[in-house]
Amino acid sequence: MIQQHDVGSVARAFQIRGKFASATPYGSGHINDTYCAVFHQEAGAVRFILQRINHIIFKRPVEVMENIQRVTAHITQQVVDEPDCERHVLRLIPAIDGRVWHVDREGNYWRAYRFIENARTYDSVESMEQAFEAAKAFGHFQKQLATLPAPRLHDTIPDFHHTPKRFADFTRAVDSDAANRGILAKTEIEFAIARQSLATALLQANLPERVTHNDTKLNNVLIDSATGEALCVIDLDTVMPGLALYDFGDMVRTTTSPTKEDELDLTLVRMQFPMFEALVRGYLTSAAEFLTPGERRHLVCSAKVIAFEQGIRFLGDYLAGDPYYRVHREGHNLDRCRTQFKLLQSIELQEELMERLVQDIAF
Ligand code: ADP
Ligand code: GN1
Ligand code: MG
């Protein structure tokens with residue numbers, strides 16, 4: 001479970017008016033700790049998001065915050081004249097000392113955001129409209145950041161989507177078998193090794209570096225509760241230089257199956273073609289103006305690579321004894337790996353049809 005922190009005193013370290021009332025764990029992320037904090041102000045209760053950055057994983061939290069500050073400022077400039085602009089970009093709240101982070105007594109790094117109300121996220125997709133909206137929003141996010149001035153953003157986690165290195169990490173985890181679990185994951189290990197060639201498929205394609213989000217799970221976009229429109233891309237810790245297709249691939253990975261990432265009934269896990277179509281159409285709505293032919297040609301490939309990469313990341317973590325992803329039950333990371341591999345199989349079965357669709361609408 002989420003670690004307990006003195007969130008009240010953390011909340012009071014930020015420039016938030018009124019009286020701190022409460023803070024409760026929020027969201028379903030695997031890495032950072034997120035809280036929803038309530039303050040009583042003159043006009044009533046006001047909510048804020050407080051997040052502790054996992055500094056074991058993000059080894060340079062200040063660089064994470066420098067990236068986020070630049071990215072949110074750049075997007076803010078572009079939306080400032082739009083109606084409802086406050087809900088179209090995350091707004092960091094400065095700490096009392098003026099920086100956009102606060103370090104607590106234990107050395108934890110915290111940030112605060114204004115809470116975007118009347119919006120929600122989804123851990124699994126419910127409609128084609130949601131898939132379309134999410135993909136449009138992530139494509140728009142890439143477009144907004146295409147004009148980010150120099151310098152290059154920090155690599156908050158170096159080689160984050162370097163699939164060959166991820167594969168090497170995975171084989172090391174198999175060889176060490178630190179938690180003696182290899183015997184329990186024989187089928188999955190064989191499945192991964194049989195697909196080793198996927199690891200290099202995107203890197204060999206010589207695609208352009210862009211500023212990308214790198215964690216485009218469906219639940220990292222806020223959807224307006226009233227209209228169903230995607231409002232705002234969130235969870236910006238991994239925004240850094242990358243390939244546009246890391247983002248597209250991760251959308252397919254998280255938005256085409258009707259199930260959650262840790263579904264136990266694998267018969268339910270599948271790549272739903274209509275969701276894929278909605279993603280391609282939504283993504284192209286924003287990204288068509290900048291995607292190169294090479295990127296278009298690798299849209300389907302990216303879906304396979306990212307499902308594979310995530311599968312071996314979960315499997316490697318399971319084999320190592322779950323040091324990385326937060327787990328809530330025995331075998332949780334193995335369950336997560338299985339859904340990725342089932343999805344990958346489902347994509348492999350429908351690959352030709354997917355390629356044909358891309359050929360029809362992306363060229
Ligand atoms: P994690 O790394 O834990 O996934 P996120 O930044 O995605 O962290 O936040 C977790 C959840 O908190 C999101 O799924 C979303 O529901 C909610 N959330 C995050 N930021 C905001 C915000 N500014 N306004 C409203 N809800 C938010
Ligand atoms: C992690 O923090 P969260 O839950 O948004 C992970 C992503 C994975 C994802 C799988 C920094 O994201 O790369 O795709 O879990 N983030 C990091 O659900 O490793
Ligand atoms: Mg998130």
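Residues numbered from 1 in each chain as written. Chains lettered and ligands numbered in written order. Predicted model: local features only at pLDDT ≥ 70, side-chain atom pairs only at ≥ 80, totals over all residues. Heavy atoms only, no water.

The coordination sphere of the magnesium ion (ligand 3) contains the protein donors Asn 220 (OD1) and Asp 235 (OD), at a distance range of 2.1 to 2.2 Å. Placement of Asn 220 in the loop between strand S7 (210-212) and strand S8 (221-224) and of Asp 235 in the loop between strand S9 (230-233) and strand S10 (240-242) is noted, with a sequence separation of 15 residues between them. (Donors = N, O, S within 2.8 Å, 3.2 Å for Na, K, Ca; no water. Helix = DSSP H or I, 4+ residues; strand = E, 2+ residues; numbered from the N terminus.)

The next subject is the domain arrangement of the chain. Segmentation of the chain into domains returns domain 1 (2-117) and domain 2 (128-362). Taking only C-alpha atoms, the centre of domain 1 and the centre of domain 2 are 26 Å apart. Facing the 27 residues of domain 1 at the interface are 32 residues of domain 2. Interface of domain 1 and domain 2: buried area, both sides summed, is about 2600 Å²; carbon and sulfur atoms make up 57% of it. Among the residues of domain 1 in contact with domain 2, His 30, Asn 67 and Arg 70 are the three that bury the most area, contributing 26% of the side total. Connecting domain 1 to domain 2 are three salt bridges. Salt-bridge contacts for Arg 87 lead to Asp 224; the nearest nitrogen and oxygen are separated by 3.1 Å. (Domains from an automatic or database assignment. Contact = heavy atoms within 4.5 Å. Buried area = accessible area lost by both parts, 1.4 Å probe. Salt bridge = Lys/Arg side-chain N within 4 Å of Asp/Glu carboxyl O.)

Taken together, the neighbourhood of ligand 1 is formed by 16 residues, with Gln 51, Arg 114, Ile 116, Asn 220 and Asp 235 sitting nearest. Here a nitrogen atom of ligand 1 and a backbone polar atom of Arg 114 are 3.0 Å apart. Asp 235 is positioned such that a nitrogen or oxygen atom in its side chain is 3.0 Å from an oxygen atom of ligand 1. If ligand 1 stood free it would expose 550 Å²; the protein chains cover 94% of that surface. Among the secondary structure elements, those contributing two or more residues to the shell around ligand 1 are strand S3 (44-53) and strand S5 (109-114). Residues that form the shell around ligand 1 fall into these classes: seven nonpolar, seven polar and two charged. For the shell around ligand 1, the domains that each give at least three residues are domain 1 (2-117) and domain 2 (128-362). (Near = heavy atom within 4 Å. Polar contact = N/O pair within 3.5 Å; in protein donor to acceptor, adjacent residues only side chain to side chain. Areas by Shrake-Rupley, 256 points an atom, 1.4 Å probe, with all protein chains shown as cover. Nonpolar A, V, L, I, M, F, W, Y, C, P; charged D, E, K, R; others polar.)

A few words on the sheet that holds S9. Either a parallel or an antiparallel arrangement is found when strands of a sheet pair, and the pairing is made through backbone hydrogen bonds. Reading across from one edge, S6-S8-S9 is the order of the three strands in this open sheet, with antiparallel pairing throughout. Edge positions in the sheet fall to strand S6 (119-120) and S9, since each of these pairs with one other strand and no more. Pairing of S8 with S9 involves three bridges; the strand directions are antiparallel. Residue pairing for S9: Ile 223 is matched across the bridge by Ala 230. Contacts between helix H3 (residues 128-145) and the sheet are confined to S8 and S9, with S9 contributing the most and set at about 45 degrees to the helix. (Pairing = 2+ DSSP bridges. Axes fitted to C-alpha atoms, helices over the stretch in contact; angles between N-to-C directions.)

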